[in-house]
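Observations on chain architecture
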Amino acid sequence: MPITANSSQNKATKINVLAGVLAREAKKYGYKPTENFFDTVCLGTPDGTSAADVRKIAIEHKLNFQYWNDCPNCVTISFDETVVLQDVNNILEVLAKAAGKQFTPYVCTGNCVPALNIPEKLQRKSEFLTQDIFKKYHSETEMMRYMKMLEVKDLSLNRAMIPLGSCTMKLNAAAEMLPLSWAETCNIHPLAPADQAQGFIEMIEEMGQWLCKITGFKAISFQPNSGAAGEYAGMTVIRNYHIARGEGHRNICLIPASAHGTNPASSAKAGNKIVVVKSTEHGEIDVNDLREKAEANRDNLSCLMVTYPSTHGVFEEAILEIIKIVHENGGLVYMDGANMNAQVGLTSPGFMGADVCHLNLHKTFAMPHGGGGPGVGPIAVAEHLIDFLPKHAIVTVGGSKGSQVAASPYGSAYLLPITYGYMKMLGGKGLTEVTKYAILNANYIKARLQGHYKILYTGTNGMCAHEMILDCNEFERSAGVQVGDIAKRLMDYGFHAPTVAFPVHGTLMVEPTESEPLSELDRLCDALIGIRQEIREIEEGKADRVNNVIKRAPHTMGVVCADTWDRPYSRQQAAFPLPHEDKYWPTVSKIDDAFGDRNLVCVIDK
Ligand SMILES: *Cc1c(COP(=O)(O)O)cnc(C)c1O
C-alpha cells in the first residue's frame, strides 16, 4: 500500500479509535481518562487503586505502561498502528484486576461504528501528502526499483572513498551492522524498566568503561544525540559545575577562530558569551592572544572549547600550555572529540588535562552517517564533573546535579551495538592501529599531493594529523577556477568531494581514514593531480578560461552521449578522464549553488 494521505489517515484513525475504546471501557472500571487524545491516554486511577497496583499486575501480564514519579495515581498508555483489539482487551483486563473489578472483554457489535475521539475543531481539514511521489508506487517491485534508482544516484562508501575532512567517513563492517536487525536489540523501548533491559545496559556499561579508558576520563553519558548535542551537554555540565560552586556568573567561553561552527552555536545556546581566539599564520591557536583573553576575562571565564588535533589538521603543539592557562584563570577545558580518530590509543583528552569531551561515535567509532542520519555524541568527564552528567526524569542515569539533554536516557541507544562491535572486534591494539593508519594514510596523500597543491598547515615536522587542507585560492586568480568547481569535477572522476571551504575559505579538507586501501588513496591522488593538470592548461592558455572541462563539470550521461557535442574538449576527457571500472555518472549538470542557497524555490512535483 503506498503511503498516501488516505493510508496515513486510516492508520491514524485506527490508532485513535482503539485509544477511544480503551478510554471508554476503562471508565467502567472507575478510571478517569483524559478527555482529548490522539494515541496516548492518561488514566487517573480509581479511588483506592494506585499506579503501583496497576504496575504490579501489568508486569505479571508482561505489559509496560508509563508511570510518573510526580503523579502516583497516573498511568499513561500509548498506541501505535500495530495494536489490535485483543491488545486493548489485555490492557483492560489488567486495569479491571487492579481496580478489583470483574473484567468483561469489549466486543464490537452492530452499533459500534468507530468514531474519531478528536474534537471537530482539532481535526485536520486541509490536504496533505499531495505530491505525486506519494501515489506513484503501488507494489514492492516498484518501490524497490524506486529506491534502487535513488541509491544509484548516490555516491556512497560502497562505491568510492568519501574524503570529507572532519567527518571521518570510514566504512563500517557489515558484522557491526548485523545486530541492528536482531529482535533482541531493535525491539526494546528506550524507557523499558532496567530489569527488562539487563543485556542492553550491560553492553552500554561495558562500552562506557572502554570509552572512559580511551578518553582518559572517569564517567560517560550516552544521552546526546550528536556531536553538537554533546557540546551542548558538555556546556551544561560546565555551567552546573560553576553554579554548584557559587560561580554561576562564569559565562565567557573562549573558542579558537578555526572551530567547527557547532562550537559557538552550542555554547551560545547553553547561555555562554563567545570570545574568539586568533590563529597564528601557521594555523595554530595564538597562545598570546589566548592568554590575554583568558586573563582579561578571568573573573567570568567559564571554559575553552578546543578541537584536538585542530580542524586545521595539525596536532596543536601548545595544547598543554593552553589547557594550563585556562585552568589558571578559573575556566574548564572542553575538548571537541570529533578528531579522536587521530588520538585513540596514542593520547587522550584526559591525559592532556581537559575536563570534558564529546565523542562522535558516528565518526570515530564506525556508525554510518551522512544524509543527516542519526548520531551518538556521548560526553566523557573527569572525576570532578561526574555529578553534573545529564540525568533523566524517569530513568536513573547521570549525576544528581545534571540537566537532561534528550528525551531518552541513553540517547540513540539502538545504534550502540555498532560501536560495541567495532571496539570488541578490534580490541585495544586494533583500535590503536586504526589511529596509526588514519594518520599514515593522510600523510601518504600529503606526500603525493605536495608540489601539486599547497598544503595549508603542517606541524613543525612537516606532517599533518589525520587530515589536511589543500589551499585552492590561487587557482581563482590563475585560472578562474573556484574550489567548488574542483569539487564538481571530482564527480566526473568518481569521487565525493572533500570538505569544501571549511575551516578555511577556498580550500578542500581531505581525510582518508584507515578504511581506504592504497589503491583508492592513489586513485584520489591521481584524480586531484589530473585536475591540477587541467587547471594548468587553463593557466597556460591551452584551455579557455570559461568554457573548459572544469568549469563545465560535472558531465552527465545525457550530455556526454547526446548527438551534439560542441565543447572544446573531448567526451572522453569529460567523462573518462582516468580509467576506472566502476564509472559513476553524475545525474545533474552544473548548477549555481550560491544562487540556489539564496533563492529558495519550492517545486510541487505534479
Ligand atoms: C562533526 C563535527 C562536530 C559536530 O558533530 P555533529 O555530530 O555533526 O553534530 C563538531 N566539531 C567538529 C570538529 C566536527 O568535525
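Residues numbered from 1 in each chain as written. Predicted model: local features only at pLDDT ≥ 70, side-chain atom pairs only at ≥ 80, totals over all residues. Heavy atoms only, no water.

In this section: the pattern of salt bridges. For the structure on display, the rule yields 24 salt bridges. Salt-bridge contacts for Lys424 lead to Glu206; the nearest nitrogen and oxygen are separated by 3.3 Å. One end of the pair, Lys424, is in helix α14 (residues 416-449); the other, Glu206, is in helix α8 (residues 198-215), and 218 residues separate them in sequence. Judged by relative accessible area, Lys424 falls into the partly exposed class, the value being 47%. Between Arg250 and Glu247 there is a salt bridge; the shortest N-O distance is 2.9 Å. (Salt bridge = Lys/Arg side-chain N within 4 Å of Asp/Glu carboxyl O. Helix = DSSP H or I, 4+ residues; strand = E, 2+ residues; numbered from the N terminus. Buried < 20%, exposed > 50% of the residue type's maximum accessible area, 1.4 Å probe, protein only.)

The final tally for this structure, using the stated rule, is 8 aromatic pairs. Ring centres of Phe365 and Tyr422 lie 6.3 Å apart, and the angle between their planes is 85 degrees; on these two criteria the pair is classed as edge-to-face. A residue pair is termed long-range when its members are at least 10 positions apart, and Phe365 in the loop between β10 (356-359) and β11 (379-381) and Tyr422 in helix α14 qualify at 57 residues. Each of the two residues, Phe365 as well as Tyr422, counts as buried. A cation over an aromatic ring shows up here: Arg523 above the ring of Phe495, its NZ or CZ 4.0 Å from the ring centre. We note Lys583 situated over the ring of Phe576; from NZ or CZ to the ring centre the distance is 5.6 Å. (Phe/Tyr/Trp six-rings, centres within 6.5 Å; stacked < 30°, edge-to-face > 60°. Lys NZ or Arg CZ within 6 Å of the ring centre and 35° of its normal.)

Turning next to the state of the cysteines. Taken as a whole and assessed by the stated rule, the structure comprises 1 disulfide. Through a disulfide, Cys71 is tied to Cys74; the S-S separation comes to 1.8 Å. Because the sign of the S-S torsion sets the handedness, a value of about 50 degrees for the bond joining Cys71 and Cys74 places this disulfide among the right-handed ones. Residue class for Cys71 comes out partly exposed when judged on its relative accessible area of 21%. Cysteine Cys253 remains unbridged, with the sulfur of Cys303 as its closest cysteine sulfur at 3.7 Å. (Disulfide = S-S within 2.5 Å.)

This brings us to the sheet that holds strand β6 (residues 252-256). On the basis of which strands lie adjacent, the open sheet formed by 7 strands has the order β5-β11-β10-β9-β8-β6-β7 and mixed pairing. Pairing within the sheet leaves two strands with one partner each, and these edge strands are β5 (219-221) and β7 (273-277). Strand-to-strand twist across the sheet, computed as the mean angle between neighbouring axes with direction ignored, equals 25 degrees. Sheet topology note: the strand β9 (residues 332-337)/β10 ladder contains 4 bridges and is parallel. Note that in β10 the partner of Met335 across the bridge is Cys357. (Pairing = 2+ DSSP bridges. Axes fitted to C-alpha atoms, helices over the stretch in contact; angles between N-to-C directions.)

Position of Asn441 among the secondary structure elements: in helix α14. Engagement of the side chain of Asn441 in a polar contact is seen with the backbone oxygen of Glu516, the distance being 3.5 Å. When neighbours within four sequence positions are excluded, Asn441 is seen to be in contact with Pro512, Thr513, Glu514, Glu516 and Leu521. (Polar contact = N/O pair within 3.5 Å; in protein donor to acceptor, adjacent residues only side chain to side chain. Contact = heavy atoms within 4.5 Å.)

What follows covers the site of the ligand. Near the ligand lie 14 residues; those nearest to it are Ser166, Gly227, Asp336, His362 and Lys363. Here an oxygen atom of the ligand sits 3.0 Å away from a polar atom, N or O, in the side chain of Asn360. Here His362 contributes a side-chain N or O atom positioned 2.6 Å from an oxygen atom of the ligand. Considered on its own, the ligand offers 380 Å² of accessible surface; in the complex 87% of this is hidden by protein. Here the element with the most residues in the shell around the ligand is helix α9 (residues 227-244); it accounts for 3 residues. Considering only residue class, the shell around the ligand consists of 2 nonpolar, 9 polar and 3 charged. (Near = heavy atom within 4 Å. Areas by Shrake-Rupley, 256 points an atom, 1.4 Å probe, with all protein chains shown as cover. Nonpolar A, V, L, I, M, F, W, Y, C, P; charged D, E, K, R; others polar.)

It is worth spelling out the pairing of β6 at this point. Here β6 lies mainly inside the structure; 5 of its 5 residues are buried. What you see with β6 is no split at all: Ile252, Leu254 and Pro256 on one side and Cys253 and Ile255 on the other are buried throughout. Here β6 pairs with β7 via 5 bridges, running parallel. The residue of β7 that forms the bridge with Ile252 is Lys273.

Once that is clear, we can look at the domain arrangement of the protein chain. Split by domain assignment, the protein chain resolves into domain 1 (5-122), domain 2 (216-411) and domain 3 (438-598). With centres defined by C-alpha atoms, the gap from domain 1 to domain 2 works out at 44 Å. (Domains from an automatic or database assignment.)

What follows is about the side chain of Thr419. Along the chain, Thr419 falls in helix α14. In terms of polar contacts, Thr419 uses its side chain to reach the backbone carbonyl oxygen of Phe365, at 2.9 Å.

This brings us to the packing of helix α11 (residues 287-296) against helix α12 (residues 319-328). Between α11 and α12, whose axes approach to 9 Å, the crossing angle comes to 10 degrees. Judged by the inter-axis angle, α11 sits roughly parallel to α12. Residue-level contacts link Val287, Leu290, Arg291 and Ala294 of α11 to Glu321, Ile322 and Ile325 of α12. Residues belonging to the contact of α11 with α12 are distributed by class as follows: 5 nonpolar, no polar and 2 charged. (Parallel < 35°, antiparallel > 145°, perpendicular 65-115°, else oblique.)

Right, let's talk about the environment of Ile325 for a bit. Within the fold, Ile325 resides in helix α12. Along the sequence, Ile325 and Leu290 sit 35 residues apart, while their C-alpha atoms lie 8.1 Å from each other. Every residue in contact with Ile325, bar those within four places of it in the chain, is listed here: Val287, Leu290, Arg291 and Ala294.

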